[in-house]
Structures are given as C-alpha cells and as structure tokens.
Amino acid sequence: MKGIFFCIVLFAFQQLQSQPQWYEGSLVLSDCKVLVGKISLEQKHDLVLYANGDTRIVYPAHKIKSIYYYDNVKNINRRYISIKKDDGIRSSYHLFELVVAGDLSVIRRKKEPSLSIQNEPMDFNYFVYLNDEIIALKKFRRKVFPRLQYDHRLNEYISFNNLSGDRAVDAIRIIEYYNQLLKANEPLAKN
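Residues numbered from 1 in each chain as written. Predicted model: local features only at pLDDT ≥ 70, side-chain atom pairs only at ≥ 80, totals over all residues. Heavy atoms only, no water.

Student: Would you take a moment to explain unusual backbone geometry for this structure?
Tutor: A negative phi angle is the norm for most residues apart from glycine, just as the trans form is the norm for most peptide bonds. Here Asn75, not a glycine, exhibits a phi torsion of approximately 60°, which is positive. According to the relative accessible area criterion, Asn75 is exposed, its value standing at 55%. A positive phi angle is found at Asn131, which is not glycine, with a value near 50°. Turning to its location among the elements, Asn131 is positioned in the loop between β9 (124–130) and β10 (133–136). (Buried < 20%, exposed > 50% of the residue type's maximum accessible area, 1.4 Å probe, protein only. Helix = DSSP H or I, 4+ residues; strand = E, 2+ residues; numbered from the N terminus.)

This is the structure:
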C-alpha cells in the first residue's frame, strides 16, 4: 500500500513539474532583439518558451543572450544569461541564473535531479564566471582568488569580516566587494 501511495505522489510531482510557470518579462536574443511578453524557463533543457498574444515560440539557449523577469513568489527580479561551453569536442550553450553581476560574476544552475519544486539555495550548483571560464564556487579560494588583482582593501575587508574563501557564502561576499572596488574605478594593485 505504501508503494502505491509513493507512486501516486511521484506521478503528481512529475505532473506539477511538467506544467510551465509563466512570468511577465523580457527576452534578449543573441542578435540583441528584445521581446517582451510571457516567459517560461526550461533550464533543464536550456530552452525558453515565449508567448505574446497568439504567438508562441521556443528559443534554445544558443539564440538567447539574456532573460529578465520578476518572480512574484520569491519577490525578486531574476536574470539569466546564456553561456557557451566548449569541452574540446563540441560546444553547447547553457542557461545560468545570474546571482552576482560584475567583472567577476556568480552564476547558478539547478541540480539534477532535484525533488524540490521551490527554488531553495541548496537546490543549485554555484559557479564563478571569470573571463569566459566557469569555475565551481567551491574552488574559489584555490582557482579564482589567486587570479584577482587587488590591494590591501580587499585583504582588510576579508580580515575585518572574518571571511574565508572556502565557504560559499563568504566567497560571494568577497566577490561582491571585489566588484564594488572595480566599479569605483579606482586602480587596484596586487601586493
């Protein structure tokens, strides 16, 4: 009996996930054309469903530059970007949510398989996007931090706030501060 109940719950869950969620937003295509209307993101398949009036079009990630919409459930504006990944044999485009924008960005993708309908922070894999390279956020201290051009202010910020590049939350705070320093157009010199 428990097995039958579990199968029914699993089937209902799959049906819920297969129903597209629509948001009012805009879609910037790779040719920089902007489309405004209803958007449904299918990140698992790197597709965007676009609707405006009677028009319904499916756009694959390689035709997309960015996506913007307001998530009224979480009360935040969301932005996605399409990034080309080369694995040496072939290249493909994937949609990533932009968490922190700047010269050093933090992006994320939903883990597969994910049993959560809600978008909780632990349901995602996080990455640093630097110079067209995607690096796992958990490798920030070893692979990203040594490549940054910084001065004493970044070290003081890290020390004062007791931050560690090994913790994802701290790495994101370091990246945000680093981007603020760059945005201030002040010269940074590595010690």
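Okay, back to it.
Student: What am I meant to see in the side chain of Arg78 here?
Tutor: Tracing the sequence through the fold places Arg78 in strand β6 (residues 76–86). Take Arg78: its relative accessible area is 3%, and that puts it in the buried class. A distance of 2.8 Å separates a polar atom in the side chain of Arg78 from a polar atom in the side chain of Asp71. (Polar contact = N/O pair within 3.5 Å; in protein donor to acceptor, adjacent residues only side chain to side chain.)

Student: Whenever I open this one, the environment of Ser105 confuses me. Can you help?
Tutor: Within the secondary structure, Ser105 is located in strand β8 (residues 105–110). Given the relative accessible area of 7%, Ser105 is considered buried. When near neighbours in sequence (up to four residues on either side) are disregarded, Ser105 contacts Leu98, Val100, Phe127, Val128 and Tyr129. (Contact = heavy atoms within 4.5 Å.)

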